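Structural overview for review
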Amino acid sequence: MSVAAARRVLLGIGNPDRGDDAAGCMAVRRLRGYLTPDVEIVEHDGEPASLLAHFAGAHVAVIIDACSSGGGAGSLRRFDVSAAPLPQRRFGACTHGFGLA
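Residues numbered from 1 in each chain as written. Predicted model: local features only at pLDDT ≥ 70, side-chain atom pairs only at ≥ 80, totals over all residues. Heavy atoms only, no water.

1. Thoughts on the pairing of strand β1 (residues 7-13)
Most of β1 sits out of view: 5 of its 7 residues are buried. Where β1 meets strand β3 (residues 58-64), 6 bridges bridge the pair, whose relative direction is parallel. When the sheet's bridge partners are listed, arginine 7 is paired in β3 with alanine 58. With 6 bridges joining them, β1 and strand β2 (residues 39-44) adopt parallel strand pairing. Bridge assignment links leucine 11 to a residue of β2, and that residue is valine 42. Regarding topology, helix α1 (residues 23-31) serves as the crossover connection from β1 to the parallel β2, and that connection is right-handed. (Buried < 20%, exposed > 50% of the residue type's maximum accessible area, 1.4 Å probe, protein only. Helix = DSSP H or I, 4+ residues; strand = E, 2+ residues; numbered from the N terminus. Pairing = 2+ DSSP bridges. Right-handed = clockwise from strand over helix to strand, strands pointing away.)

Right, dumping it as structure tokens:
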């Protein structure tokens with residue numbers, strides 16, 4: 001697949017009515033206008049079936065979501081699943097219906 005044809009999607013997951021759970025949606029809102037137009041930016045409530053549909057055909061998918069990580073408030077964690085799988089113990093069940101892992 002050529003780089004020009006590669007589909008890239010940025011997913012901000014969360015619920016604006018649930019306090020810090022809105023972090024993913026708020027982050028992608030702030031990124032609008034700063035990224036190249038070929039990056040598809042999606043705000044999503046985390047509903048499993050439609051969330052999976054956004055991954056279909058994506059060459060790169062970046063997910064921004066709030067989670068309980070044991071770190072301080074506002075800490076960022078980055079996981080590159082092309083290098084190693086997500087640590088299962090950190091990403092179990094969540095309020096979105098299934099865990100990230």
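2. Comments concerning the nonpolar core
Looking at soluble globular proteins, one finds that nonpolar side chains tend to be buried together. Within the largest apolar cluster, 5 residues are counted, these being Val9, Leu11, Ile13, Val42 and Leu51. With 3 residues, the single largest contributor to this core is β1. Not counting residues up to four positions away in its chain, the partners in contact with valine 9 are Glu40, Val42, His54, Ala58, Val60, Ala61 and Val62. (Core = buried A, V, L, I, M, F, W, Y, C linked by side-chain atoms within 4.5 Å. Contact = heavy atoms within 4.5 Å.)

3. Examining the sheet that holds β2
In space, the 3 strands of this open sheet follow the order β2-β1-β3, with parallel pairing throughout. The open sheet has two edge strands, β2 and β3, and neither has a second partner. Geometrically, the sheet is characterised by an average inter-axis angle of 20 degrees between neighbouring strands, direction not taken into account. Against the sheet, α1 contacts β1, β2 and β3, and its axis sits at roughly 130 degrees relative to β1. Contacts between helix α2 (residues 48-55) and the sheet are confined to β1, β2 and β3, with β1 contributing the most and set at about 150 degrees to the helix. (Axes fitted to C-alpha atoms, helices over the stretch in contact; angles between N-to-C directions.)

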